[in-house]
Amino acid sequence: MPRAKNPDVAIRANDLSLARGDVRVLDGVSFTLAHGATLTVMGPTGAGKSSLAAMLAGRGGAGLTVAGGEALVEGIPVKHPGRALRTLTYIAGYLPQGAGSDLPARMTVSDVIGEPITSRDRRVNPRALAVRVATLLDEMQLPLGAAPKYPYELSAGMRQRVAMARALVLDPRVLVADDLYANLDIEVREAVRAAIVRRRTAYGMSAFIVTNDPDAARELESDVLVLRAGHTVAYGADAATLAWTPDEANDHRAVIR
């Protein structure tokens, strides 16, 4: 794994604004995410949650730009990462919204999970990679027989777990997961949660989780950031003790529905 630039926190956003074309999708958002900690981001559709996640993971694309402020992920600026963009996409594991539905249809499950490795090193040891894939399949409670199958042969919940395994295959320093528990039942959800906690404990992985499930924040012992229309409306140590902005304090339940 590439050496970090000695950042004091995993993610630091300071008055961050994002735009897609001429439209502001995020406006003046600030927060920090410590090493080995979790931040859960909540808010209604159109709040800017997914755009924020994509930008932090280095997958914003040409249409999404930093319109103001700054954000650093493990010391790498998301505005102009330059050559460090490759490092950013290495150290930030990314589970985009709808990841399970968008898996490459012509790749086997084994190839899908291993692609973040093979795309960087064509000389990777096939046996070592197969062991790595098998370990992740087991951790996600997927049968080893799923490895040679194609995504369309799996259920929605299984595909979501394949996408999660892919996001974790490089042992990221930061996991950025959008709609983490999509299509997962209670038993499998626990396996995914355990995978995150295990990495937090083992090597201090941080997690940036987008979800509107308040139980997820509690289960992951997470700080909570609530967005609405691109603005921060609440920020705190957990969903039960959030500090709401004055305009939202009396109507906060509507924000995360």
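Let me sum up the structure you'll find in this document. (Residues numbered from 1 in each chain as written. Predicted model: local features only at pLDDT ≥ 70, side-chain atom pairs only at ≥ 80, totals over all residues. Heavy atoms only, no water.)

## A look at the pairing of strand β4 (residues 64–73)
Step number 1: Bridging between strand β1 (residues 11–20) and β4 involves eight bridges; their strand directions are antiparallel. Considered in β4, the bridge of Ala 19 is made with Thr 65.
Step number 2: Across two bridges, the pairing between β4 and strand β5 (residues 76–77) is antiparallel. Note that in β5 the partner of Val 73 across the bridge is Ile 76.
Step number 3: Connecting β4 to the next strand, β5, in antiparallel fashion are two residues, including Glu 74 with a positive phi near 50°. (Pairing = 2+ DSSP bridges. Helix = DSSP H or I, 4+ residues; strand = E, 2+ residues; numbered from the N terminus.)

## Things to note about the sheet that holds β4
Step number 1: Judged by pairing direction, the sheet is antiparallel, and its four strands sit side by side in the order β2-β1-β4-β5 without closing on themselves. Looking at which strands have only one partner, the edges of the open sheet turn out to be β2 (23–33) and β5.

## Focus on the pattern of salt bridges
Step number 1: Within the structure shown, the criterion is met by eleven salt bridges.
Step number 2: Where Arg 189 meets Asp 213, a salt bridge forms, and the shortest distance between an N and an O atom there is 2.7 Å. Note that Arg 189 is positioned in helix α6 (residues 186–203) and Asp 213 in the loop between β8 (206–210) and α7 (214–219), a separation of 24 residues in sequence.
Step number 3: Judged by its relative accessible area of 15%, Arg 189 falls in the buried class.
Step number 4: A salt bridge links Arg 193 to Glu 190; the nearest nitrogen and oxygen atoms lie 2.9 Å apart. With Arg 193 and Glu 190 both in helix α6 and three residues apart, this pair spans about one turn of that helix.
Step number 5: The partly exposed category is assigned to Glu 190, whose relative accessible area is 38%.
Step number 6: What you see here is one network of salt bridges that share partners, running through Glu 139, Arg 198 and Arg 199. (Salt bridge = Lys/Arg side-chain N within 4 Å of Asp/Glu carboxyl O. Buried < 20%, exposed > 50% of the residue type's maximum accessible area, 1.4 Å probe, protein only.)

## A look at the pairing of strand β6 (residues 92–95)
Step number 1: Alternating positions in β6 separate into two faces, Ala 92 and Tyr 94 on one and Gly 93 and Leu 95 on the other, with burial throughout.
Step number 2: Pairing between β6 and strand β7 (residues 174–178): four bridges, direction parallel. When the sheet's bridge partners are listed, Gly 93 is paired in β7 with Leu 175.

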